[in-house]
Amino acid sequence: MKKLTPKQEKFCNLYIELGNASEAYRKAYDVREDTKPTSINEKASQLLSRVDIRSRVEEIRNEVKEAHKIDRSFIVKGLLEVISDADYTFKLGKNNTLSTEDSKAFYRLMNQTKNTDKLRALEQLAKMLGLNEPDRTETTIKTVEIIEKSRD
């Protein structure tokens, strides 16, 4: 594989860090402020379409995953904890007979946990596990040949 230029390498690293190709391009290539966003998007897209750039991005992703011991199981476990915490908080909120200590715990949790946290965690899990893919149905198309009989 051909060695990347320093700017290309910087783009790859920033793309992983920021998750946004246009912003990574803007920072790696010191784009002027008056450059049109469409130009930046186009250039970033062109870079990402190159095999050597995509390969390097994948290498960096794998390095980051390995360094932080992040895998699918780790992410699923974390998302399930967010959902569990949200459920616990909602359950506490419905309980009218909380002690003073439990009430304090509830309000601490309410400040940390939001409905949107649970929703985002569920959406992320569904996406990761492919649960929001459209249902696939097989369709069979039959061709029927109609032959017109001529009248004699």
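A. The pattern of salt bridges, seen in detail. Scanning the model with the defined rule gives 7 salt bridges in all. Notably, a salt bridge pairs Arg56 with Glu59, separated by 3.0 Å at the nearest N-O pair. A residue pair is termed a helical-turn pair when its members lie 3 or 4 positions apart in one helix, as Arg56 and Glu59 do in helix 4 (residues 51–68) at 3 residues. Looking at Arg56, the relative accessible area reads 15%, which means it is buried. Residue classification places Glu59 among the partly exposed residues on the basis of a relative accessible area of 36%. Through salt bridges with shared partners, a single ionic network connects Glu9, Arg56, Glu59 and Glu63.

B. Spatial organisation of the packing of aromatic side chains. In total, this model carries 2 aromatic pairs according to the counting rule given. For the pair Phe11 and Tyr15, a centre-to-centre distance of 6.2 Å together with 10° between the ring planes defines the contact as stacked. Taken together, the residues Phe11 and Tyr15, both in helix 1 (residues 6–18) and 4 residues apart, mark about one turn of the helix. Under the relative-accessibility criterion, Phe11 is labelled buried at 0%. With centroids separated by 4.6 Å and ring planes inclined at 20°, the aromatic side chains of Tyr25 and Tyr29 adopt a geometry described as stacked. A relative accessible area of 21% places Tyr29 in the partly exposed class.

C. Expanded view of unusual backbone geometry. If you check the backbone angles, Asp30 has positive phi at about 45° while not being a glycine. Position of Asp30 relative to the elements: it lies in the loop between helix 2 (21–28) and helix 3 (37–48). Among the residues examined, Asp30 registers a relative accessible area of 60% and is labelled exposed.

Analysis parameters
Residues numbered from 1 in each chain as written. Predicted model: local features only at pLDDT ≥ 70, side-chain atom pairs only at ≥ 80, totals over all residues. Heavy atoms only, no water. Salt bridge = Lys/Arg side-chain N within 4 Å of Asp/Glu carboxyl O. Helix = DSSP H or I, 4+ residues; strand = E, 2+ residues; numbered from the N terminus. Buried < 20%, exposed > 50% of the residue type's maximum accessible area, 1.4 Å probe, protein only. Phe/Tyr/Trp six-rings, centres within 6.5 Å; stacked < 30°, edge-to-face > 60°.

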